[in-house]
Amino acid sequence: MQEELIKVSGGARLSGVVPITGAKNSVLKLMAASILASGATTITNTPAISDVFIMGEVLKRLGAQVHLDGHVMTIDTTGINSYETPYDLVVQMRASVAVLGPLVGRFGRARVAMPGGCQIGSRKLDMHLLGLEELGVSFEVSHGYINATVPKTGLKAAHVTLEFASVGATENLMVAACCAKGTTVIENAAREPEISDLANFLNLMGARISGQGTPVITVEGVDPSSFVPVPSYSTVGDRIEAGTFLVAGALAGGPLTVQGVNPEFLALPLKKLKSFGAHIETGEDFITISREEPLKATDIQTLPYPGFPTDLQPQFMVLTAVAQGTSVITENIFENRFMFADELIRMGANIRIEGHHAIVEGVEQLSGAPVRASDLRAGAGLVLAGLVADGETTVGELTHIDRGYEGFVDKLKAVGAQIERA
Ligand code: EPU
């Protein structure tokens, strides 16, 4: 069978409204957290993306029933009778490890395959395990699996300071701490909006979490058997999907509106878009971008939230590639995220990589070429590059894009892109 490709021809002006779905990096954790309560949870604004299908499979293998109807997901955890997440799922999606905290919290045990490396870097789990150990979890790692057990006396609260504000470690720890005796304090916690979304969801289940969205999260533990399923919870809008389409608008003129996202969650990317020369207007749940002047070089460095998100770095690299002047991009989160630059260079970009810095000299125009997505955000970045390249760009390895963007091609087509998937 011939590989599916996205074919995009550059030069069309994009304008219109793009609906934004729920955040991938939130919904995956909400789904995992549903394990804490026995019964049926409903999560609305769920994106129909392959990572969500994989997390659905993770939950099904544990014994849950999972249904997705449009954007409404129902998870019934009543039948959970297994505590194992096997390698064939973890290897497809590293975020499968988000079940670790919920499983040890509710059942006192978990067996989860160790994730290997992935396209964007080595991505260790040490902070997840060290934090959970402080709550009393014992780990034994053998034959590629992490076996976690909790003493009969249950989890105990602790004061944990994370070495780095890791999103995944903060989440696993926060969920497990909900089931610990006493009050846990997580210092240097990640502050991403998706962490707050998870904390708000857990609080509706009966947890007592405060401080979410700040570097210090406090979790007052409750009896693990007291959690109740949430009858309906709407996932927060995907700031990364929104940011990706805003870059499309900045590249291709606009006015383009992303609808269904809180502009506050994109404060720094919006500031950078203005510095590139775009005009931005915001409302409660939408952002409109347009640009008439030429793009101007702008430096970017990725940092944990509220810093500039690494998940928008490749897309913004496309802006620097066609902006007037020299931009420096510094990637502080994932060491392999510059693999994307090599594909962009094939399209005529002038980029020099020095360690975790990319020095980008803007060129007049990119030239369409056959390219391949090395990861989810790189895939999106290559399609964006194709929007302003001369001639046709064909993007391969679309499974990466399908992990995190629902209807990416259809949404771009609806606002005027000359794009198809075949
Ligand atoms: N790290 C460790 N040890 C740990 C945990 C993390 O060294 O125990 C390191 C990682 O190797 C990495 C850095 O800390 O260098 C940041 O990792 P973090 O734990 O914050 O990231 P994550 O939870 O693995 C989530 C998102 C990523 C996003 C990052 C940073 C999900 C499912 N994934 O990953 O999303 O880039 O936070 O914001 O929430 C994407 O959507 O394309 C994506 C990769």
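My aim in this report is to walk through the structure given alongside it, one point at a time. (Residues numbered from 1 in each chain as written. Predicted model: local features only at pLDDT ≥ 70, side-chain atom pairs only at ≥ 80, totals over all residues. Heavy atoms only, no water.)

**Quick word on the site of the ligand**
- As a structural note, the neighbourhood of the ligand is formed by 23 residues, with Asp126, Met127, Ser166, Asp311 and Ile333 the closest of them.
- Contacts to the ligand include lysine 24, whose side-chain N or O atom sits 3.0 Å from an oxygen atom.
- Residue glycine 168 places a main-chain N or O atom 2.8 Å away from an oxygen atom belonging to the ligand.
- Within the complex, the protein chains bury 87% of what would otherwise be the 830 Å² of accessible surface of the ligand.
- Those elements that place two or more of their residues in the shell around the ligand are α1 (24–33), α5 (126–134), α6 (167–177) and α12 (376–387). (Near = heavy atom within 4 Å. Polar contact = N/O pair within 3.5 Å; in protein donor to acceptor, adjacent residues only side chain to side chain. Areas by Shrake-Rupley, 256 points an atom, 1.4 Å probe, with all protein chains shown as cover. Helix = DSSP H or I, 4+ residues; strand = E, 2+ residues; numbered from the N terminus.)

**A look at the pairing of strand β9 (residues 145–149)**
- With four of its five residues buried, β9 lies for the most part within the structure.
- Pairing analysis gives five bridges linking strand β7 (residues 109–113) to β9, with the strands arranged antiparallel. In the strand pairing of β9, arginine 109 is matched with threonine 149.
- Both strand β8 (residues 138–142) and β9 contribute to a ladder of five bridges, which runs antiparallel. In the sheet register, phenylalanine 139 faces β9, and the bridge partner there is alanine 148.
- Hairpin connection, β8 to β9: the antiparallel pair is bridged by two residues, and histidine 143 has positive phi, about 50°. (Buried < 20%, exposed > 50% of the residue type's maximum accessible area, 1.4 Å probe, protein only. Pairing = 2+ DSSP bridges.)

**A look at the sheet that holds strand β6 (residues 84–85)**
- Spatial strand order, β6-β7-β9-β8: four strands in an open sheet with mixed pairing. Bordering the open sheet on either side are β6 and β8, each of which pairs with just one other strand.

**Notes on helix α9 (residues 267–276)**
- Here α9 has its buried residues at Pro269, Leu270, Leu273 and Phe276. All buried residues of α9 fall inside an arc of 115° around its axis, so they share one side.
- Residues of α9 that are buried sit in contact with α8 (239–252), β16 (279–282), β17 (286–290), β18 (300–301) and α10 (313–321).
- Of the residues one or two after α9, glycine 277 is the one with positive phi, at around 115°. (Arc of directions from axis to C-beta. Contact = heavy atoms within 4.5 Å.)

**Details of the layout of surface pockets**
- In this structure, the second largest pocket spans a volume of roughly 230 Å³.
- Lining of the second largest pocket is provided by 13 residues; of these, Leu295, Val322, Val363, Glu364 and Gln365 occupy positions nearest its centre.
- Classifying every residue of the lining of the second largest pocket gives seven nonpolar, four polar and two charged. (1 Å grid on protein atoms, 1.4 Å probe; cavity = no way out; pocket = protein on both sides within 12 Å on 5 of 7 lines; lining within 4 Å. Points joined across faces, edges and corners; volume = space filled by probe spheres on them. Nonpolar A, V, L, I, M, F, W, Y, C, P; charged D, E, K, R; others polar.)

**Considerations on the side chain of threonine 235**
- Structurally, threonine 235 can be placed in the loop between β14 (233–234) and α8.
- Threonine 235 sits in the buried class, given a relative accessible area of 3%.
- With sequence-adjacent residues up to four places away left out, threonine 235 is seen in contact with Gly22, Ala23, Ser26, Val27, Leu30, Ile43, Thr44, Asn45, Thr46 and Asp197.

**Quick notes on the packing of aromatic side chains**
- What the rule picks out here adds up to six aromatic pairs.
- Pairing phenylalanine 201 with tyrosine 233 gives two aromatic rings, centres 5.2 Å apart and planes at 75°, and the pair type is edge-to-face. Taken together, the residues phenylalanine 201 in helix α7 (residues 193–205) and tyrosine 233 in strand β14 connect sequence positions 32 residues apart. Residues phenylalanine 201 and tyrosine 233 agree in their burial class; the two are buried.
- Aromatic side chains tyrosine 405 and phenylalanine 408 sit 4.8 Å apart centroid to centroid with 40° between the ring planes, which places their arrangement in the tilted category. This pair shows no difference in class: tyrosine 405 is buried, exactly as phenylalanine 408 is.
- Linked through ring pairs, Phe245, Tyr405 and Phe408 together constitute an aromatic cluster.
- The ring of tyrosine 145 carries the charged tip of arginine 111 above its face, separated from the ring centre by 4.1 Å. (Phe/Tyr/Trp six-rings, centres within 6.5 Å; stacked < 30°, edge-to-face > 60°. Lys NZ or Arg CZ within 6 Å of the ring centre and 35° of its normal.)

**Thoughts on the environment of proline 151**
- Take proline 151: it is sitting in the loop between β9 and β10 (159–161).
- Between the C-alpha atom of proline 151 and that of arginine 123, which follows or precedes it by 28 residues, the distance is 28 Å.

**Overview of the environment of serine 367**
- Residue placement: serine 367 occurs in strand β22 (residues 366–367).
- Relative accessible area serves as the criterion here: at 33%, serine 367 is assigned to the partly exposed category.
- Between the C-alpha atom of serine 367 and that of methionine 31, which follows or precedes it by 336 residues, the distance is 42 Å.
- Those residues in contact with serine 367, other than ones at most four positions away along the chain, are Met347, Ala389 and Asp390.

**Focus: the packing of α5 against α6**
- Following both chains from N to C, one finds α5 and α6 inclined at 25°, their axes separated by 8 Å at the closest point. One element, α5, and the other, α6, form an angle in the roughly parallel class. Where α5 crosses over α6, the handedness of that crossing is right-handed. Only Gly168, Ala169, Asn172, Leu173 and Ala176 of α6 make contact with α5, whose side of the interface consists of Met127, His128, Gly131 and Leu132.
- Taken together, the residues of the contact of α5 with α6 break down into five nonpolar, four polar and no charged. (Axes fitted to C-alpha atoms, helices over the stretch in contact; angles between N-to-C directions. Parallel < 35°, antiparallel > 145°, perpendicular 65-115°, else oblique. Left-handed = near helix turned anticlockwise from the far one by under 90°.)

**Some remarks on empty space enclosed by the protein**
- Inspection of every chain in the model, using the stated rule, returns one cavity of 30 Å³ or more.
- Here the largest cavity is characterised by a volume of approximately 50 Å³.
- Mapped onto the lining of the largest cavity, the elements with two or more residues apiece are α1 and α6.
- Across the lining of the largest cavity, the residue classes tally to six nonpolar, one polar and two charged.

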